Amino acid sequence: MLIEIITLFPDGIRAMLNESIPARAQRFEAVEIELIQLRDFATDKHHTVDDKPLGGGPGMVLKVEPIANCIRHLRKTRPEPEPYIIYTSPQGRQLDQDLVEELAKKQRLTIICGHYKGLDQRAIDEFIDTEISIGDYILSGGEIPAVAIADSIIRLQPGVLGDAASAMGDSFTRGLLDHPHYTQPAEWEGIKAPDVLLSGHHAKIDEWREKQAVDRTKKLRPDIYEKQLGIRN
Ligand code: SAH
């Protein structure tokens, strides 16, 4: 899988994606990540990428030409596979595990990070396949959302997680929140981990974990629990 990220601020993204699981995924060539500096595609000698809003008002808007140049350049230098182009935007479909699983199947994603007031609408209309939000709040730019999108997709690529079963237990993956986890020491400052986890009885441990996952989901996320009941019935 190829993930291209178009941004004015590649350093922060690079730092995040070159650690831990995403770094390993790149080493194993499960994913190739390319960071593209939007400023390189500006058309004037000052490398201007933003301008004042037409019609007036505060803030700056990212210009359409650098984005058009950049997307066309990426398509030309690598015609295949066809990119699926995402704009990180608070107005988009909210990222959840279902959407992550859909995106994880694509061969090539191009993520455009907005900044300031956002993109000139013509860039969105002409080039974007989908807008994705990471929640109903406003960030300074699309870099944090791009990392969230990329990271959540990368960990689903085959072979990236050491143990494929590990992802299956994670919250949202099977319609329940995860169960609680404990590690050594079995007793810490007088507080014991649940006895069942030390019993060595795997069926009982599985049963306990399942009940914890169900109880937690019911308590913390009744919306997910109701949906899951609907699916099971
Ligand atoms: N004026 C825009 C917000 C601009 S915020 C509006 O109200 O819709 C600047 C940039 O940060 C956006 O272009 C977008 O790329 C990114 N951004 C901010 N919040 C985001 C969120 N919740 N999800 C995804 N991207 C976001």
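Predicted, not measured: the structure shown is a model, and the values here were computed from it.

Quick notes on the rules
- Residues numbered from 1 in each chain as written.
- Predicted model: local features only at pLDDT ≥ 70, side-chain atom pairs only at ≥ 80, totals over all residues.
- Heavy atoms only, no water.
- Axes fitted to C-alpha atoms, helices over the stretch in contact; angles between N-to-C directions.
- Helix = DSSP H or I, 4+ residues; strand = E, 2+ residues; numbered from the N terminus.
- Parallel < 35°, antiparallel > 145°, perpendicular 65-115°, else oblique.
- Contact = heavy atoms within 4.5 Å.
- Nonpolar A, V, L, I, M, F, W, Y, C, P; charged D, E, K, R; others polar.
- Core = buried A, V, L, I, M, F, W, Y, C linked by side-chain atoms within 4.5 Å.
- Buried < 20%, exposed > 50% of the residue type's maximum accessible area, 1.4 Å probe, protein only.
- Expected span 1.5 Å × (residues − 1).
- Near = heavy atom within 4 Å.
- Polar contact = N/O pair within 3.5 Å; in protein donor to acceptor, adjacent residues only side chain to side chain.
- Areas by Shrake-Rupley, 256 points an atom, 1.4 Å probe, with all protein chains shown as cover.
- Salt bridge = Lys/Arg side-chain N within 4 Å of Asp/Glu carboxyl O.

A. Looking closely at the packing of helix 4 (residues 97–104) against helix 6 (residues 143–154). Running from amino to carboxyl end, helix 4 crosses helix 6 at an angle of 70°, the nearest separation of the two axes being 9 Å. It follows from the interaxial angle that helix 4 and helix 6 lie roughly perpendicular. Mapping the contact onto sequence places Val100, Leu103 and Ala104 in helix 4 and Ile149, Ser152 and Ile153 in helix 6. For the contact of helix 4 with helix 6, the per-class residue count stands at five nonpolar, one polar and no charged.

B. Summary view of unusual backbone geometry. Following Glu80, the chain continues into Pro81 via a peptide bond in cis, with omega recorded as -15°. Note that Pro81 resides in the loop between helix 3 (64–77) and strand 5 (84–94). Of the consecutive residues Gln184 and Pro185, the connecting peptide bond is found in the cis state with omega at 0°. With respect to the secondary-structure elements, Pro185 resides in the loop between helix 7 (164–169) and strand 8 (187–188). Look at Ser20: it is not a glycine, yet its phi comes out positive at around 55°.

C. View of the nonpolar core. Among the nonpolar cores identified, the biggest contains 24 residues, and Ile5, Leu103 and Ile154 are the most heavily contacted of them. Those elements giving two or more residues to this core turn out to be strand 1 (2–7), helix 1 (10–17), helix 4, strand 6 (108–112) and helix 6. Aside from chain neighbours lying at most four places away, what touches Ile154 is Ile3, Pro22, Ala25, Val31, Ile33 and Val160. Counting residues in each nonpolar core, the second largest holds 22 residues, with Ile36, Phe41, Leu62 and Ile67 among its members.

D. Up close: helix 6. Here helix 6 is twelve residues long and its end C-alpha atoms lie 16 Å apart, about the 16 Å a rise of 1.5 Å per residue gives. Burial analysis of helix 6 places nine of its twelve residues in the buried class, the great majority of the element. Along helix 6, the positions that sit buried rather than exposed are Glu143, Pro145, Ala146, Val147, Ile149, Ala150, Ser152, Ile153 and Ile154.

E. The environment of Ile138, seen in detail. Note on placement: Ile138 falls in the loop between strand 7 (130–133) and helix 6. The exposure class assigned to Ile138 is exposed, which follows from its relative accessible area of 69%. In the structure, Ile138 is positioned 49 residues away from Ser89 in sequence and 9.0 Å away in space, judged by C-alpha atoms.

F. Fine view of the site of the ligand. Close contacts around the ligand come from 21 residues, with Tyr87, Thr88, Gln91, Gly114 and Tyr137 the closest. Within the side chain of Tyr87, an N or O atom sits 2.7 Å from an oxygen atom of the ligand. Gly114 places a polar main-chain atom, nitrogen or oxygen, 3.0 Å from an oxygen atom of the ligand. Relative to its unbound accessible surface of 560 Å², the ligand loses 87% to contact with the protein. Those elements giving two or more residues to the shell around the ligand turn out to be strand 5 and strand 7. The leading source of residues in the shell around the ligand is strand 5, at five residues. Each residue belonging to the shell around the ligand can be placed in one class, and the counts come to nine nonpolar, eleven polar and one charged.

G. Highlighting the pattern of salt bridges. Inspection of every chain in the model, using the stated rule, returns twelve salt bridges. Put simply, Arg75 and Glu82 hold a salt bridge, and the shortest N to O gap is 3.9 Å. Glu82 gets classed as exposed once you look at its relative accessible area, which sits at 56%. One salt bridge connects Glu210 with Arg174, and the closest N-O pair in it is separated by 3.2 Å. With Glu210 in helix 8 (residues 202–220) and Arg174 in the loop between helix 7 and strand 8, the pair connects residues that are 36 residues apart, well separated along the chain.

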